[in-house]
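# Coordinate analysis (summary)
Next come the chains, spelled out residue by residue.
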Amino acid sequence: MRRDVYDVVIVGSGAGGGMAAYELTKAGATVLLLEAGGMWDNTKDSDMLVAPWETPRRGGSTPDKPFGEHDACIGGWNVPGEPFTTAPGSRFQWWRARMVGGRTNHWGRISLRFGPDDFQHKSIDGLGDNWPITYDDVKPYYDEVDDLIGIFGSREGMRNHPDGKFLPAPKPRCWEMPIKKAADKHAVTCIPSRLSIITRPHNGRAACHYCGQCNRGCRTNSNFTSTNVLIAPALRTGKLTMRTDAMVREVSVGKDGLADGVIFIDKVRGEEMKVNAKVVVLAASACETARIMLNSKSAKFPQGLGNSSGMVGKYLTDTTGTDVGGFLPALADQPRHNCDGVGGAHLYMPWWLDNKKLDFPRGYHIEIWGGMGMPGYGVGGGMQNYAGGGGYGASLKSDVRKYWGTGVGFSGRGEMIPNEKSFCEIDPRAVDQWGIPVLRFHWEWSDYEYNQVKHMQETFRTLLQEMGAVVRSNMPTKEQGYGIATGGSIIHELGCVRMGSDPKASVLNEHCQTWDCKNVFVADGGPFVSQADKNPTWTILALSMRTSRYIAEQRKGGKL
Ligand SMILES: Cc1cc2nc3c(=O)[nH]c(=O)nc-3n(C[C@H](O)[C@H](O)[C@H](O)COP(=O)(O)OP(=O)(O)OC[C@H]3O[C@@H](n4cnc5c(N)ncnc54)[C@H](O)[C@@H]3O)c2cc1C
Ligand code: SF4
């Protein structure tokens, strides 16, 4: 490690960290990017087009690869040697990728802007908090993210689901048509998806060739990953140094009360190291950034860096979720046809109702699944689950052929209201293998979320019935929480390091700069004040770009 003082050190190379590296190197800063995981490059490491039947596990999952052996992920629900704990009575799951590019290697690429209401929802229904910024503040950055990365979609003119600068969207596939028909019949808005997959050549990258395997990593770079779309051009500037297997423990603070760098563990050598920088950007993902800040205790910041308000770790949220699946007899024995498409649905349903007429606040969107993906381990969810299906040998093969591609389903993804009972803190009794104190999670859903999820279940069952599908499960009861997914399991954890306009009630100002220490910034999902009924990553990218531009301006003006 060189003993230089970098202009900026960035912690984490996922969506937020990658964008910060791209922007800050473009602005001329010398940047060190520290990443806890190892190298991964889609163009070389992806299992694209590998047939599951040619591999020992037929594509099945393992503890290391919870979403299947071909998934482009190192990490997952459990990271060996790096535990977290949950408080008694709380259930929480935390997906952590440990690799360059973070979770952008295997995410769903559903790339939705928040709308005007999403930034100011307290003014509408009195719940939660407003953001200190509005849609108009973020819109120019969303536009630039669209242009830089590439996204497909359709212009719909919906107020709270703003249009972006879209590439053409692919047409619905055969299995998606009955879903569209049922949605139209029940007045559920159903429009082309908005995914960061390029359907035309874009900024030197090749267009998607519709192999449907985005979660394996794209060898032609036709979908978005932080590594190949942001970090690669940042490296080409010559201004970026990237160090992998560097697990950051804390931000260090000088005598002047400003951050002077970070302390990390070199995981290969097991050595503690310090690196010096004039500005620190934390982008290790919302909860991990809170962990680093809480572990950064000093004489000046005895409660942890940026935590004079006591708000670091507070108001942790995740998207609400529940699923209903079934199979569509009308699709059985379908002639083999070209079911090609992107690695995700071609349709989605944004929130379409008025909460004034409902018993829950805020909304949800609907994601759909189905189609004839490459058959692998557990194809179709087990033939014994189909009427007359099951058996062995020739009859099993014939059932698989008959029912392959008949499965369809809906997943709801909704907005949780932040609450005081859902938060993370440092567990005073547990450390990871590097000796770093770990997080303990507290989690509670409220009736707002339970009622919303009940509505999802009822809606999905109505749509499946309309399509003539055989539904595979009974309606979950109130005692079963209406089938609500465990906190954290939708992998949209946000908050913990929220921005605000009051230094006593928030950690960051509107530029994602800590109130307490002017040269420490956050560029991941931590600053989010609320969830919205949208997936978060496009907003993480837009905010990281906005924060990075602010850092560059401040540096130019000699203020940092
Ligand atoms: C299967 C899946 C599907 C998803 N689908 C969607 C979707 O369709 N749309 C959407 O908007 N979002 C989706 N998400 C969520 C999305 O991936 C995240 O919102 C996004 O990646 C968060 O970006 P980030 O930069 O905050 O964190 P990450 O992408 O998680 O990156 C954080 C990086 O920091 C590193 N790091 C962590 N701790 C340290 C440390 N102490 N020191 C150094 N480095 C550290 C990690 O190794 C990681 O590389 C999905 C996620 C998953 C897993
Ligand atoms: S569907 Fe398109 S973007 Fe996705 S992996 Fe295949 S070629 Fe790449």
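Just above, that's the structure.
These numbers come from a predicted model, not from an experiment.

Near ligand 2 lie 15 residues; those nearest to it are Cys 208, Cys 211, Gly 212, Cys 214 and Cys 218. Class assignment for the residues of the shell around ligand 2 results in eight nonpolar, seven polar and no charged.

Take the packing of helix 6 (residues 177-185) against helix 10 (residues 447-467) next. The contact between helix 6 and helix 10 brings their axes to 9 Å, and the two run at 115°. Pair helix 6 / helix 10 crosses with right-handed handedness. Taken together, the residues of helix 10 that come into contact with helix 6 (itself represented by Pro 178, Ile 179, Ala 182, Ala 183 and Lys 185) are Leu 463, Glu 466 and Met 467. Looking at the contact of helix 6 with helix 10 residue by residue, the class counts come to six nonpolar, no polar and two charged.

Considering all chains together, one arrives at 38 salt bridges under this definition. The partner of Arg 498 in a salt bridge is Asp 129, and the shortest N-O contact between them spans 2.9 Å. A residue pair is termed long-range when its members are at least 10 positions apart, and Arg 498 in the loop between strand 19 (494-496) and strand 20 (520-522) and Asp 129 in the loop between helix 4 (122-125) and helix 5 (135-149) qualify at 369 residues. Each of the salt bridges in this network shares a partner with another, and the network as a whole consists of Glu 23, Lys 26, Glu 144 and Arg 549.

Before going further, it helps to spend a moment on the site of ligand 1. As a structural note, the neighbourhood of ligand 1 is formed by 37 residues, with Glu 35, Arg 103, Gly 108, Ile 110 and Thr 537 the closest of them. At 3.4 Å from an oxygen atom of ligand 1 is found a side-chain nitrogen or oxygen belonging to Arg 98. Contact between ligand 1 and Pro 536: an oxygen atom at 3.4 Å from a main-chain N or O atom of the residue. Starting from 990 Å² of accessible surface for ligand 1 in isolation, the protein chains cover 95%.

A word on the nonpolar core. Of all hydrophobic cores here, the largest spans 106 residues; its most connected members are Met 349 and Phe 410. Ranked by residue count, the leading element in this core is helix 5, at seven residues. Look past the residues within four positions of Met 349 in its chain and what remains in contact with it is Ile 179, Ala 183, Val 188, Thr 189, Cys 190, His 365, Ile 366, Ile 368, Phe 410 and Leu 463. Ala 20, Ala 21, Ala 29 and Phe 521 belong to the second largest nonpolar core, which has 19 residues in total.

What counts, and where the lines are drawn
- Residues numbered from 1 in each chain as written.
- Chains lettered and ligands numbered in written order.
- Predicted model: local features only at pLDDT ≥ 70, side-chain atom pairs only at ≥ 80, totals over all residues.
- Heavy atoms only, no water.
- Near = heavy atom within 4 Å.
- Nonpolar A, V, L, I, M, F, W, Y, C, P; charged D, E, K, R; others polar.
- Axes fitted to C-alpha atoms, helices over the stretch in contact; angles between N-to-C directions.
- Helix = DSSP H or I, 4+ residues; strand = E, 2+ residues; numbered from the N terminus.
- Left-handed = near helix turned anticlockwise from the far one by under 90°.
- Contact = heavy atoms within 4.5 Å.
- Salt bridge = Lys/Arg side-chain N within 4 Å of Asp/Glu carboxyl O.
- Polar contact = N/O pair within 3.5 Å; in protein donor to acceptor, adjacent residues only side chain to side chain.
- Areas by Shrake-Rupley, 256 points an atom, 1.4 Å probe, with all protein chains shown as cover.
- Core = buried A, V, L, I, M, F, W, Y, C linked by side-chain atoms within 4.5 Å.
- Buried < 20%, exposed > 50% of the residue type's maximum accessible area, 1.4 Å probe, protein only.

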